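Each chain is listed here by its residues.
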Amino acid sequence: MASIATSFNPREIDNTVEMPGTRAPLITGNQTYTSITELVCQVAERPQPPIWYVLFGFSLLTAIMFFSLIGYLILTGVGIWGNMSPVFWAWPIVNFVFWVGIGHAGTLISAILFLFRQNWRTSINRAAEAMTIFAVICAGIFPGIHVGRAWLAFWLTPYPSLNLWMWPQFRSPLLWDVFAVGTYASVSLVFWYMGLIPDLATYRDRSTTKFRRMIYGVFSLGWTGSSRHWMRYEKAYTLLAALATPLVLSVHTVVSFDFAVSQLPGWHTTIFPPYFVAGAIFSGFGMVVTLLVPVRKIYKLENVITLRHLENMNKIILATGSLVGLAYATEFFMAWYSGNDYETFAFINRAFGPYWWAYWIMVSCNVISPQLFWFKKLRTTPILMWIISIFVNIGMWFERFVITVTSLSRDFLPSSWGYFSPTLFDGLMFFGSFGLFMTLFLLFCRFLPVVAMSEVRGIIAIQKHAAHGHGEKDSSHGH
Amino acid sequence: MKLPVTASEKQFFRSVDQLEGTPEFNEFLEREFPVAASEFPEGVSRRRWMQLMGASVAFAGASGCRYYREEFAGFVVPPSGRVAGLPQSFATNFVWAGKVVNGLVKSLDGRPIKVDGNAMHPMFATSANSGYADGKDEKFAQAGSDAATQAAVLSLYDPDRLGWLVQRDDRSLPAGKMVTVAESVAQKKGPVNWTDFDIAARSQLETLGGNGGEGLAIVYEPAPTPTFNRLLAEVAAKFPKATLVPYESVYGRNAVKGLESLGVSNVTVNHRLDKATVIVAIDADLFGSESASVINARQFSINRDPNGGNMNRLYCIESQFSTTGSAADFRYALQSSQMVAFLKRLEAAIDAGTPFEASAEELNYSKLSPSERLERVLQVIATDLLANKGKSLVTVGYQQDPAAHQIAMRINAKLENVGKTLFLLDAPNELAGLKSIKLDEFARQAANGQFNTAWIFAPNPVYTVAGDIDLPAALLAIKTVVYAADYDDETAVYSTWSLPLTHPLEAWSDVRSADGTYGVCQPMIEPVTGARSSIELLSILAGFEELDPAKIVSGTLQKLAGGSFTERLWQEALHDGFLKDSQYQVSSATINTAAEDLKPLPASAIAAEGENGSEPTVAKNEVLFSDPDNVDLSRLEVVVLPSDTVYDGRLANNGWMQECPQPITKLTWDNAALMSVSTARALGVGQSRATAEMVVIRQGDAMTKLPIFIVPGQAEGTIVVALGYGRSRAGSVGGVSGQFDVGHSIQGLRRWNQAFILNGIEVSGTTEPYKLATTQDHFAIEDQLGMGEIPRRAQVIVREGTLASYEKDHQFAKVSHHGLKIDSLWKEPEVRENHAWGMSIDLNKCSGCNACVIACQAENNVPIVGKEQVSRGREMHWLRIDRYFTADREATAAKGDSTNPVDPRIVTQPMACAHCETAPCEQVCPVAATVHTEDGINAMAYNRCVGTRYCANNCPYKVRRFNYFNYNQKYGYFYGWQDKRETANTKLQSLVLNPDVTVRGRGVMEKCTYCVQRVQNAKIMARNKGGVPIADGDVRTACQEACASQAIVFGDLNDKTSRVYANHNDPRSYAVLEELNIKPRTQYLARLRNVPVRLMTSEQLNPTWNHSHSEHGEEHHGDEHGHDHEEHAGEHEEAHS
């Protein structure tokens, strides 16, 4: 059975071709319920390809370096970074916003696209959600270690302190951040785990060792696949999706408040919430593409994560990239139209001041590179979209750099202007966070279903139904 | 161990003898000891132990120790009236970095922690605050000081000070490790001690005594210290064949030489800037390196109140850009070597006597060519001086040729200023009649083996001496060199004996102030390094019976007071800090103004008199001004001046001074070759980002390589370099050769006869980069965008007008906010505060001298961070002085080169936390670590701070400072290991900390607190007195106390009679960035320049900029002005690069 699926050449059919009146198939390769299960389960059940070991080893070392550097940082002081006056926030906060932004795609795909009945989400939502969780973990680390006294970072949480008799200061956007990111992380985790339950049960049932069976058994929470289970599962899933949907918008809105609520020229703008959300979705999808293009190749999942999935994501990247470009233009318009000298200078300085290079890297990566997706060839060729998606990631990191660093470097009093340069530790710790992210993601591929099997099976059913209904005679008909 | 006490009655004893005689004692001796005592270590008999015990008992009870005991030690029974933990203040006087300090030292439980000026001292009392008719002046009696004085306490606790006697028999280099306090503590004891030295000295003196002091040389630094001089005279009397060698690294007697050439001798000169309406400073940094800088600033500032109608006018003609130049009403840049010629022209104009009249169609100053400008300046100054006969003053810098002083004195005499603004005082010279030789002569004779013994009482001559004198060789040729050393420094390694010398806060001494007032220097603490003072050492040399320095000093006072001397007078002099009515008498000498009668200037008697060579390099009747478009490199001059921070290098190991931003350049931890834009271009060197290119300066065989630093407005063709850097044995802060260097030494380039102004030097550029650490413009702002924006903003941030514009419109400083409506988004809550503390800073008085910066550092335990951290922008100063360049915009625009502004001027602005009523920092702190107190102070709860740094981002003034590392201890693991300076903050140095202020740890934000500890103390005092209200002037911040010009006023804004309230309601008062609606409690009084009309630039004549603000509000950027902005953005640039 498995051989049928894997021997199929995806180029025999291009499901990105639009034919009027016909719904393009989302799953290719003449799949059955069983073949889907086989396809997905083999990822975890078969020995991992050598590339996995290479990547995992490298990622793990990088992650270990990351945690060692955190230890060193806490022993020594945040001065090992390039933070300075007036740029009191630099790479750590840039990294935080970068990772939080990446964490947006998962919940958007699983919650919003679910509510809008976008069935193509099913092949990618599991990996995207996992990516979200891991990105939020990376994001959460940075503000925690960024504070001068990291061992007291818990003071930002509202807990009934017995020796202080005080709450945190609720007017501070940083506190809102704690709530927003905390809520987002917990809801995303629950949502992800809920979705995993039927598939974990499949893994349990297919387990060949007692140990695996036990572990998967515990985490599948006694799932039997009965109708009652399914009924409750679907209801809960819908409810969680409804709950998670506003969070997609709220997290980055609140993160943007860190900047927008302050009075710094270049930060103090009302456009930030929508602009940040658009940017976050943009970067999130960029990262999903960056991850899934190799994953579908390595694990031979081309029939499940098809070109059409990738193309759809690229279209979202194109749309959100354009939104981001519009936001950049709007910022400049507002800087001029507001008549505020400080604001005007902040933006001209962004584009033509000492950090012009960062600004133009940002613009090229975020505004120009997604526009390439207008060309179908580019948005349907995995290697090209992979390259563009990496540019999107670079651009979005620079967007946060530009907002954070250039605004701070030249604010009100010219006597306090400065020029920030990062240290080795800034670079190593940013790199290290990728190590942590990749370690977690590779473990996820190794031990958990990377595609939501149960949901994809549902898609096959719909696909078949649709095919029958329209009298379609495609090759997937009649298994 | 219990003392023997009889059952019947206690017996007190005064001495061992008395004790030994008692039967109880004998009984006690014979009695069997307890078990513990008999286990005393072997080798010490019970009898010996008893003797030791007896001796210690005797010492414990004996009075008549070195100093009055109660002044230094903790007490079992404290003297009445003394409360532990409450500071005491003692008046004292000492010479510090070439200046006489009339100080009031704050001492806490026997530990001096702060030096301020003594407001009671006649020097300050005669120029007290004025303008407030409320009779509360005495509350505001404040003196002021300078940065070096504020940093004096740090030197006291410097762990690198020489901690033990060092005897070097082998003086061949390399000299090995420095001997410091820290090292001697580690070794428990040094190889030699004072007893060894006393024995050696005795035999030495016996030999010398036998031959009348043949072969003995005493090198000393001349200073107004009567007792030292008296002892020196005694030594000279005892050893008639001994040789005296006066040597000062920064020679300050050119004025006296100039006077002597006019037939006036044995006088000192005392200026009274407060009596002068027109002051012309010729190459004189009146508020900086001049020895009377503090009192100058005070006297100048009391006539800077436009409301009182007594605005004086200061012209500054100088080559460097000094603090005086930035404070001046009008500044003209001219090479130092041209000053004599300039003065000759000025004298000629005054001799002509006819004031110049301006014609109606005359061009304004902006439109003149460089040569026309010079003519105009001469005309205007001469006219102004003639119009203010008896109310004017022409003063010349100490570094100038005696000829310049001669002419200036003659001008003053012709203007009838002598006896009115300039006093010639009869100064008794204790050393008169004693034969002395110069240091160059000494070096020659020593090399010939004419001396076998030398005693050195001058700080580190080997380092400071001019390059053409081989002092090391001279010292090596002397068998015994005794050096009274602060540090185991460059001179110590050539000395056979290096004796630890006391810090002025540890020693008895005395001084004469500029007006002659006698003051005693009394010790505040036992010498922390076991040192002896130079008075003690000299009295050994003089073979005195009486070695108690207090008695010796009081002996001087006794001689001075004559028959009226009483113990009470002595105590009063100690208490007040001065001897009443001890000023010098005004001399009856008259200045000979007839030029033809002049004697030629006498040959130099002492080192380093700064004659610019015997042959003048230019025709002295014609002033050669430099054309910025065509810098004549053949006329380059190098002006070597003592550093504004480390003086001649003797403060090099003082971290506060090393990190104190130099007033104009804002450079720290370095010196550089300062030059104008045009000069740098002519030399083909540049400066960008954090690095500057190096230049090589050659004088004969001597060569120095050092980085350039571009200072717009410095005279073309003048390179200014600060002394005191490049020390090879300064210590863990100031540099140790082979380990790390701080700056570059310029000493080798100085010539014995060319100490300050070096002509005939050769300068060539290199492309070698060098990293500089500045606290402002952390990188030179090189982009047109930034450079265009700075003057635009500086205009609004530091508001400035001319006196004329102020008289026309008192509200000119507020003009830019006319039409600006500040609305709050919500209804702001009524705030009820017990007090509303506020501050007012008068920019018209501030000269940017840095005294407040270091005072704040001393008061608030602000750490230093080292050069590497400064270059990262992490300096911790709570109070900084912002410096902005402005320029003649029209002339600059006409030239079309915005990077090389014409006639640049500097405005300074002290900037610290403004304690905004609606503080942006408070809104964003997630843990409520920065909050308002009930007094309206924006406070920091350090314990609560976790260090998110959000507050600092949201602070529009960027006055918050973050502890990136544990700056007060050590930086951290692996980090900072390359920077040995961190050790400067440890151990002994921590004695300098103010116990009233928390020492902040790593990861915590900090900033100015308005000296909340002082506010709280005042409140506690008021409550203890039964709830009396806190009067205006009861709370004075550290910066306010340090400000000699009284520019800073602090007080309660709720008190409608307070000075700060009055200042806030002054028409000149404005708040920086008030358009943000943050309501800062610190406001500034706008700066006024009292420029004569004929020297006004187009902009000053017609301040259109402000008018456009008044019509359209400050935030205008509409179409109609967009063009204006573009045009002006490039016109007046702050050019650093």
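Residues numbered from 1 in each chain as written. Chains lettered and ligands numbered in written order. Predicted model: local features only at pLDDT ≥ 70, side-chain atom pairs only at ≥ 80, totals over all residues. Heavy atoms only, no water.

Asker: Mind laying out the overall build of chain B, listing which residues take part and the relevant values?
Answerer: Counting its secondary structure elements, chain B contains 37 helices and 42 strands. Expressed as a percentage of the 1137 residues in chain B, the buried residues total 63%. In chain B, of all internal contacts separated by at least 6 residues, the share reaching a separation of at least 24 is 77%. Looking at chain B as shown, the accessible area adds up to about 41700 Å², and 52% of this sits on carbon and sulfur atoms. (Helix = DSSP H or I, 4+ residues; strand = E, 2+ residues; numbered from the N terminus. Buried < 20%, exposed > 50% of the residue type's maximum accessible area, 1.4 Å probe, protein only. Contact = heavy atoms within 4.5 Å. Areas by Shrake-Rupley, 256 points an atom, 1.4 Å probe, with all protein chains shown as cover.)

Asker: So, empty space enclosed by the protein: which residues are in play, and what are the values?
Answerer: Residues and elements named next belong to chain B. Roughly 300 Å³ of volume is contained in the largest cavity. Looking at the lining of the largest cavity, the elements that each hand over two or more residues are helix H6 (147-150) and helix H12 (293-301). When residues in the lining of the largest cavity are grouped by element, the largest group, three residues, is from H12. When the residues that make up the lining of the largest cavity are grouped by side-chain class, the tally is 14 nonpolar, eight polar and three charged. Of the volumes computed, that of the second largest cavity is approximately 220 Å³. Lining of the second largest cavity is provided by 18 residues; of these, Gln 320, Asp 644, Leu 674, Val 720 and Ala 722 occupy positions nearest its centre. Of the residues forming the lining of the second largest cavity, the biggest block, three residues, is contributed by strand S25 (residues 718-722). (1 Å grid on protein atoms, 1.4 Å probe; cavity = no way out; pocket = protein on both sides within 12 Å on 5 of 7 lines; lining within 4 Å. Points joined across faces, edges and corners; volume = space filled by probe spheres on them. Nonpolar A, V, L, I, M, F, W, Y, C, P; charged D, E, K, R; others polar.)

Asker: Can you lay out the environment of Ala297(B) for me, pointing to particular residues and giving the numbers?
Answerer: Residues and elements named next belong to chain B. Mapping Ala 297 onto the fold places it in helix H12. A residue is classified by how much of its surface remains accessible, and Ala 297, at 9% relative accessible area, is buried. Taking the C-alpha atoms as reference points, Ala 297 and Cys 1043, 746 residues apart in sequence, are found 8.9 Å from one another. Among residues more than four places away in sequence, those in contact with Ala 297 are Phe 287, Ala 1044 and Ser 1045.

Asker: Describe the pattern of salt bridges, with residues and values.
Answerer: Side chains that differ in sign of charge can pair as their charged atoms come close. All names here are of chain B. On inspection of all chains with the given rule, the structure shows 55 salt bridges over all chains. Glu 506 serves as the salt-bridge partner of Arg 161, at 2.9 Å between the closest nitrogen and oxygen. Residue Arg 161 is located in the loop between helix H7 (152-156) and strand S4 (166-167), and its partner Glu 506 is located in the loop between strand S15 (497-500) and strand S16 (509-512); the two are separated by 345 residues in the primary sequence. You'll find Arg 161 and Glu 506 in the same group, each marked buried. Between Asp 488 and Arg 729 there is a salt bridge, with the nearest N and O atoms lying 2.9 Å from each other. Here Arg 729 lies in strand S26 (residues 729-731) and Asp 488 lies in the loop between strand S14 (480-485) and S15, a separation of 241 residues in the sequence. Considered together, Asp 488 and Arg 729 belong to a single accessibility category, that of buried residues. (Salt bridge = Lys/Arg side-chain N within 4 Å of Asp/Glu carboxyl O.)

Asker: Please provide a residue-by-residue account of the side chain of Gln335(B), values included.
Answerer: Residues and elements named next belong to chain B. Following the sequence through the fold, Gln 335 ends up in the loop between strand S10 (330-333) and helix H14 (339-352). For Gln 335, the side chain forms a polar contact with the main-chain oxygen of Gly 717, separated by 2.8 Å. The residues touching Gln 335, leaving out its near neighbours within four places in the chain, are Ser 319, Ser 626, Arg 635, Leu 636, Glu 637, Ala 715, Glu 716, Gly 717 and Thr 718. (Polar contact = N/O pair within 3.5 Å; in protein donor to acceptor, adjacent residues only side chain to side chain.)

Asker: Mind laying out the interface of chain A and chain B, listing which residues take part and the relevant values?
Answerer: Contacts between chain A and chain B engage 67 residues on the former and 70 residues on the latter. The contact between chain A and chain B buries some 5700 Å² in all, and 55% of this surface belongs to carbon and sulfur atoms. Where chain A packs against chain B, one counts one salt bridge. Our count for the contact surface shared by chain A and chain B stands at 35 residue pairs in polar contact (both at pLDDT 80 or more). Going through the elements one at a time, helix H3 (50-76), helix H7 (173-206), helix H9 (227-260) and helix H12 (341-352) of chain A are the ones with two or more residues in the side of chain A that touches chain B. The greatest single-element share of the side of chain A that touches chain B, amounting to seven residues, is contributed by H12(A). Looking at side-chain class alone, the side of chain A that touches chain B contains 39 nonpolar, 22 polar and six charged residues. (Buried area = accessible area lost by both parts, 1.4 Å probe.)

Asker: I'd like a description of the packing of helix H10 (residues 272-298) of chain A against helix H15 (residues 382-409) of chain A, backed by residues and values.
Answerer: Running from amino to carboxyl end, H10(A) crosses H15(A) at an angle of 145°, the nearest separation of the two axes being 8 Å. The handedness of the crossing between H10(A) and H15(A) comes out as left-handed. (Axes fitted to C-alpha atoms, helices over the stretch in contact; angles between N-to-C directions. Left-handed = near helix turned anticlockwise from the far one by under 90°.)

Asker: Residues and numbers for the packing of aromatic side chains, please.
Answerer: All chains considered together, the criterion is met by 76 aromatic pairs over all chains. Centre to centre, the rings of Phe398(A) and Phe401(A) are 6.0 Å apart; their planes meet at 70°, and the pair counts as edge-to-face. Taken together, the residues Phe398(A) and Phe401(A), both in helix H15 and three residues apart, mark about one turn of the helix. By relative accessible area, Phe401(A) is classed as buried at 4%. The side chain of Arg727(B) reaches across the aromatic face of Tyr463(B), ending 5.2 Å from its centre. Positioned above the aromatic ring of Phe962(B), the side-chain terminus of Arg949(B) is 4.9 Å from the ring centre. (Phe/Tyr/Trp six-rings, centres within 6.5 Å; stacked < 30°, edge-to-face > 60°. Lys NZ or Arg CZ within 6 Å of the ring centre and 35° of its normal.)

Asker: I'd like to hear about the confidence of the model for chain A, residue by residue, with values.
Answerer: Residue and element names in this part refer to chain A. Confidence in the prediction for chain A averages 87 pLDDT; 93% of positions are at 70 or higher. Ignoring residues within four places in sequence, the model shows residues 1-11, a span with pLDDT below 50, making 13 contacts including any to other chains. Contacts from residues 469-479, a stretch scored under 50 in pLDDT, to residues over four places away or in other chains number eight contacts. (pLDDT = per-residue confidence, 0-100.)

Asker: A description of the pairing of strand S39 (residues 1048-1052) of chain B should follow, citing residues and the corresponding values.
Answerer: All names here are of chain B. For S39, the buried fraction is high: five of the five residues fall into the buried class. Alignment of strand S32 (residues 837-842) against S39, held across five bridges, turns out to be antiparallel. Looking across to S39, one finds that Ile 841 is bridged to Ile 1048. (Pairing = 2+ DSSP bridges.)

Asker: Give a description of the sheet that holds strand S3 (residues 111-117) of chain B that names residues and reports values.
Answerer: Residues and elements named next belong to chain B. Strand order in this open sheet of three strands is S1-S2-S3, and the pairing throughout is antiparallel. The sheet terminates laterally at strand S1 (88-96) and S3, the two strands that pair on one side only. Each strand of the sheet is rotated relative to its neighbour by a mean of 35°, with strand direction disregarded. Judged from the nine bridges that link them, S1 and strand S2 (residues 99-108) form a sheet pairing that is antiparallel. Looking at the pairing, Ala 91 lines up with Leu 104 of S2.

Asker: Explain a nonpolar patch on the surface to me, and be specific about the residues and the numbers.
Answerer: Residue and element names in this part refer to chain A. Together, Phe 211, Met 214, Ile 215, Val 218 and Phe 219 line one region of the surface with nonpolar side chains, adding up to about 520 Å² of accessible area. Inspection of the secondary structure puts Phe 211 in helix H8 (residues 210-219). Residue Phe 211 is classed as exposed on the basis of its relative accessible area of 59%. (Patch = residues over 30% accessible without salt bridge, like charges linked within 9 Å, V, L, I, M, F, W, Y side chains within 5 Å.)

Asker: Tell me what's going on with helix H6 (residues 125-146) of chain A, and back it up with residues and numbers.
Answerer: Under the 1.5 Å per step criterion, the end-to-end length of H6(A) is 31 Å for 22 residues, consistent within 8% with the ideal 32 Å. Extensive coverage of H6(A) is indicated by the burial of 18 of its 22 residues. (Expected span 1.5 Å × (residues − 1).)

Asker: I'd love a proper account of the sheet that holds S14(B), names of residues and values included.
Answerer: Residue and element names in this part refer to chain B. The six strands lie next to each other as S4-S15-S14-S13-S5-S6, forming an open sheet whose pairing is mixed. Two strands in the sheet have a free side with no partner beyond their single neighbour: S4 and strand S6 (243-246). With two bridges connecting them, S4 and S15 associate as antiparallel partners. The residue bridging Gln 167 from the neighbouring strand is Trp 497, located in S15. Taken strand by strand, helix H20 (residues 534-541) contacts strand S5 (216-220), strand S13 (453-457), S14 and S15, and its axis lies near 155° from that of S13.

Asker: I'd love a proper account of the confidence of the model for chain B, names of residues and values included.
Answerer: All names here are of chain B. Scored by pLDDT, chain B has a mean of 81; 82% of the residues are at 70 or more. Within the model, pLDDT remains below 50 along residues 61-72, and this stretch shows 26 contacts once partners closer than five positions in the same chain are excluded. In the predicted structure, residues 1105-1137 sits below a pLDDT of 50 and forms 86 contacts with residues beyond four places in sequence or in another chain. Predicted complex metrics record ipTM = 0.91 and pTM = 0.87.

Asker: How would you explain H12(A) if you had to name every residue and give the values?
Answerer: All names here are of chain A. Under the 1.5 Å per step criterion, the end-to-end length of H12 is 16 Å for twelve residues, consistent within 8% with the ideal 16 Å. Counting buried positions along H12 yields ten of twelve residues, so the element is predominantly enclosed. A side-chain oxygen of the first residue of H12 lies 2.9 Å from the backbone nitrogen of Tyr 342; this N-cap is Asn 340.

Asker: Go over the packing of helix H10 (residues 226-238) of chain B against H20(B), please, and point to the residues and values.
Answerer: Residue and element names in this part refer to chain B. Between H10 and H20, the least distance of the axes is 9 Å, while the angle of their chain directions is 15°. Considering the angle they form, H10 stands roughly parallel to H20. Note on packing geometry: the crossing formed by H10 with H20 is left-handed. Across the interface between the two elements, Thr 227, Phe 228, Leu 231, Leu 232, Val 235 and Lys 238 from H10 touch Ser 534, Ile 535, Leu 538, Ser 539 and Leu 541 from H20. A class-by-class count of the residues in the contact of H10 with H20 yields seven nonpolar, three polar and one charged. (Parallel < 35°, antiparallel > 145°, perpendicular 65-115°, else oblique.)

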